[in-house]
Structures are given as structure tokens and as C-alpha cells.
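# Fold and contact review
Next come the chains, spelled out residue by residue.
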Amino acid sequence: MTITGQPGPARGPVPAPARAAGTPPLAERMRAFGTTIFAEMSALATRTGSINLGQGFPDTDGPEEVLAAARQAISDGHNQYPPGRGIPELRQAIAADRERRRGQRFDPETEVLVTAGATEAITAAVLALCEAGDEVIALEPTYDSYAASIALAGARLVPVRLEPPDFGVDLDRLAAAITPRTRLLLINTPHNPTGRVLDEQELAGIARLAVAHDLLVITDEVYEHLVYDGEHLPLARFPGMAERTITVSSAGKTFAVTGWKIGWACARPELITAITTTKQFLTYVNGAPFQWAVATGLGLPDSVITTIRDDLRAGRDLLADGLRAAGLEPFRCQGTYFLTVDVARLGFDDGLDFCRRLPELCGVVAVPSRVFYTDPGPAASFVRFAFCKRPAVLSAAAERLATLSPR
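Residues numbered from 1 in each chain as written. Predicted model: local features only at pLDDT ≥ 70, side-chain atom pairs only at ≥ 80, totals over all residues. Heavy atoms only, no water.

As recorded in an unreviewed UniProt entry, the chain goes by N-succinyldiaminopimelate aminotransferase and comes from Microlunatus kandeliicorticis. Its UniProt record gives the chain a comment under Cofactor (unreviewed entry), which states: "pyridoxal 5'-phosphate". Turning to the chain, the UniProt record has this under Sequence similarities (unreviewed entry): "Belongs to the class-I pyridoxal-phosphate-dependent aminotransferase family." (UniProt positions renumbered as here; feature names shortened; annotations may be inferred.)

Written as C-alpha cells, this is what we have:
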């Protein structure tokens, strides 16, 4: 495995390509990306007064110990630029947490990078490690930022589809997707939006392919602590993977503080150095007082995180009952914030149309799963609901959903 860079293009004026009248002044590679469906659905919820089960953010604050630590950090004057790779206290806490929980050892000085959420960690890694024309394989349905990050790098997304009802990884299909242009595998487990937690056999197969083809791997593990059935296993722990894997996680989902945008990447020194080279020109640094608070959170007793997980499991089950009462059987959800259903059961072939009509049908907002696919095909009628809400909100949503009837 080698990590190389290419000299940039010669500087100087470059004539702009001709654009049709009225075309937005947007680079061609980004024209497929408009306003996200999450913004559209959240605005729809606000406009109609509907219960918003679309965007995946909690409606309660995180643990008081973590919130208090953020307030204290502000009072203590931690309000200026932190070190470029993150404050030492947080990097040490991340490394200690990975070793204690996952059996992974990372040097906090050279192998841990704090980022503006997991999204920036993934974007910086893709930008740092891909050349124009490289291919990045990701499991589809894919979280929407993956495709945008890959496009920004001038690379090409190669989706490997996870098929219902279990959304397992077809290793033969994954192997067939690898070409001489493949640079990265982007693996998300627990998986958003399906809720699938990849098992040992799947991860071992992915590891064998990565080693055989000398591929780098980014693992998006932001929901690692929110597993309700099964067990989260880090891909980096499989044979041959430690030196080629960038492990990404964040505090947002773990501590229910999604707005803080404190994430991190853990990898071997040469990979972290490469990613830092790009990251420093994105946000440079971020969230100084929140970094102190997350360091506090990672040192709290396990019961703090397990309580959050258990509350979310109860929310999953509450919403699932409501969906079943509406005639919608959710696909199995082993982790994350989300339940997916097929609204074809109610006579809707288009999940986007269903979601746009759902506020008037019963006063609830969801997200169409088609936005997570390059070509949704049979998944065009899939819809994702978020259950990271208070029990009273989920109960009200379940009652409203129960009033739905087939067309």
C-alpha cells in the first residue's frame, strides 16, 4: 500500500466553460447536489406543524455531565483556536476509549485527528487520498454526504447494493465492483439508513478483499454505541486491516449532541498526516469548548451511554408498533436512529410522493429512501423514519400513523 501525491496544475487564468443562460454558477461535478432532502422535509414539518421524524437528530439534550463540562470550558476561557489535531485531552480520551472498548491501540499524538463531525473526517479523507478518476466503493443505500465528498474529489462512486429484507453484504457483488481504478472502500456499520450491523463473516470478507487488492478503507462508525441487536465489530481489528483503515466516529450520536460537530479519525500516522493536510484547509479547527466536554463524556461510566442506547431501543420498538398498526412492517433495525418501511403496502409506488403527502395524511414527516440510492429501483417506495425522539412524541406519531389506510 502506498500513499502518494501528485503535483497540482500550473497556476494561471483558465477560461470558464460556457454555461447555458440561467444555469446556476456551480461546478459541473456538483450540479447533481441541490438542497438536501433533510432540509426540505424539516421545512415541510415546520410549515405544516407536523411531527418531524425525518431528520436524524434527538429532541432532548445529552448527559448533564457533558453539558456542564461544555459550560465550564467556556467559563474557563477555552474559546480560541484549539490545536490543529484537537486538544491533547480529547485525543487521549479517544485513544483510551478505543483501547478499552474495542481493543485498538492508537497513539494520541500521531494517530488521532479531531474533526468537525464525522462528515468532515470522511470528506477530508476522500479528498486527501483520492485522485481524479479514482473509484470509491460504498454500500448502497449510502448516506448522502458520501456521494458529495467523492464528487468533490473528482472521483467516482461505485455503489454495492444491500438488498432487503436483511440488507446483508453480498461479497461476490463487492468483489465484482473492484477494478484497477478502485482506491477506497467506504464501509458504514451500523448502517444508515437500513439499521444493519455488519456481522463477523461480512467484515472478514471485506477485509480479505481489501488486503488482496491493497485498498484503503474508511469505516463510518458513528452509531457504534447505538446497537440494539448484535455486536459492533471494528473492521480495523481484522487481519491486515490496521494499517489500511481510517476509523471514523463522533460524539454527536453517542451523547445526543449532534449540533456540536465533534468527530474524529483514527489511523496509522501516515494516513492521519495525509488527512490533516486536507482537513486544515476545510474548517482548520472547531468547537474548542465542546472538545473539552467530549473528553469528559468519554471518561464517564458505561451506564451513561447504555442508558441512551436503551432509551433509543425503547423508542425504536414504540415507533415500530405504530408503523405496524398502519400496515407498515419495518425492516429489521439492529442499530442507528432509523426504521425503514415499504409504503407500497399502502399503495404508494413513490416514497417521495408519500413523504410529501404524509403531513396532510396524518401530520407526520419522514424521508424517502430513494435519496440514498443512485438508482432506487424497487427501493423507490422505501421510506425512513427517525425514532430518536421523546416517548411522548413517538406515541403521538404512532397514533397519527395508525390512521393511515391503503389507497
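The subject of this paragraph is the sheet that holds strand 11 (residues 367–368). In spatial order, the strands read 9-12-11; together these three strands make up an open sheet with antiparallel pairing. Looking along the sheet, the strands with just one partner apiece sit at the ends: strand 9 (338–342) and strand 11. Sheet topology places strand 9 next to strand 12 (residues 382–386); five bridges connect them, and they run antiparallel. Across the sheet, L339 pairs through a bridge with F385, a residue of strand 12. Together, strand 9 and strand 12 form the strand contacts of helix 10 (residues 302–325), whose direction differs from that of strand 9 by roughly 15°. (Pairing = 2+ DSSP bridges. Helix = DSSP H or I, 4+ residues; strand = E, 2+ residues; numbered from the N terminus. Contact = heavy atoms within 4.5 Å. Axes fitted to C-alpha atoms, helices over the stretch in contact; angles between N-to-C directions.)

With 102 residues, the main nonpolar core has F354 and F385 as its most contacted residues. Residues in contact with F385, not counting those within four places in the same chain, are L53, L319, L323, Y337, F338, L339, V341, F354, L358, V364, A366 and L401. Membership of the second largest hydrophobic core comes to 26 residues, among which are I94, V112, F255 and L300. (Core = buried A, V, L, I, M, F, W, Y, C linked by side-chain atoms within 4.5 Å. Buried < 20%, exposed > 50% of the residue type's maximum accessible area, 1.4 Å probe, protein only.)

What follows is about the domain arrangement of the chain. Along its sequence, the chain is organised into domain 1 (31–61 + 303–402) and domain 2 (64–299). The gap between the C-alpha centroids of domain 1 and domain 2 is 25 Å. Taken together, the contact pairs 35 residues of domain 1 with 37 residues of domain 2. The tally of links from domain 1 across to domain 2 stands at one salt bridge. When the shortest N-O distance is used, the salt bridge between R316 and D229 registers 2.9 Å. Taken together, domain 1 and domain 2 are joined by 15 residue pairs in polar contact (both at pLDDT 80 or more). Contributions of two or more residues to the side of domain 1 that touches domain 2 are made by helix 10, strand 9 and strand 12. In terms of residue count, the dominant contributor to the side of domain 1 that touches domain 2 is helix 10 (seven residues). Considered class by class, the residues forming the side of domain 1 that touches domain 2 number 19 nonpolar, nine polar and seven charged. (Domains from an automatic or database assignment. Salt bridge = Lys/Arg side-chain N within 4 Å of Asp/Glu carboxyl O. Polar contact = N/O pair within 3.5 Å; in protein donor to acceptor, adjacent residues only side chain to side chain. Nonpolar A, V, L, I, M, F, W, Y, C, P; charged D, E, K, R; others polar.)

It is at 8 Å that the axes of helix 4 (residues 117–129) and helix 5 (residues 144–152) come closest, and there the two elements cross at 30°. On the basis of their axis angle, the class for helix 4 and helix 5 is roughly parallel. For the crossing formed where helix 4 meets helix 5, the hand is right-handed. Here T119, I122, T123, V126 and L127 of helix 4 come into contact with helix 5, specifically with S145, Y146, S149, I150 and L152. (Parallel < 35°, antiparallel > 145°, perpendicular 65-115°, else oblique. Left-handed = near helix turned anticlockwise from the far one by under 90°.)

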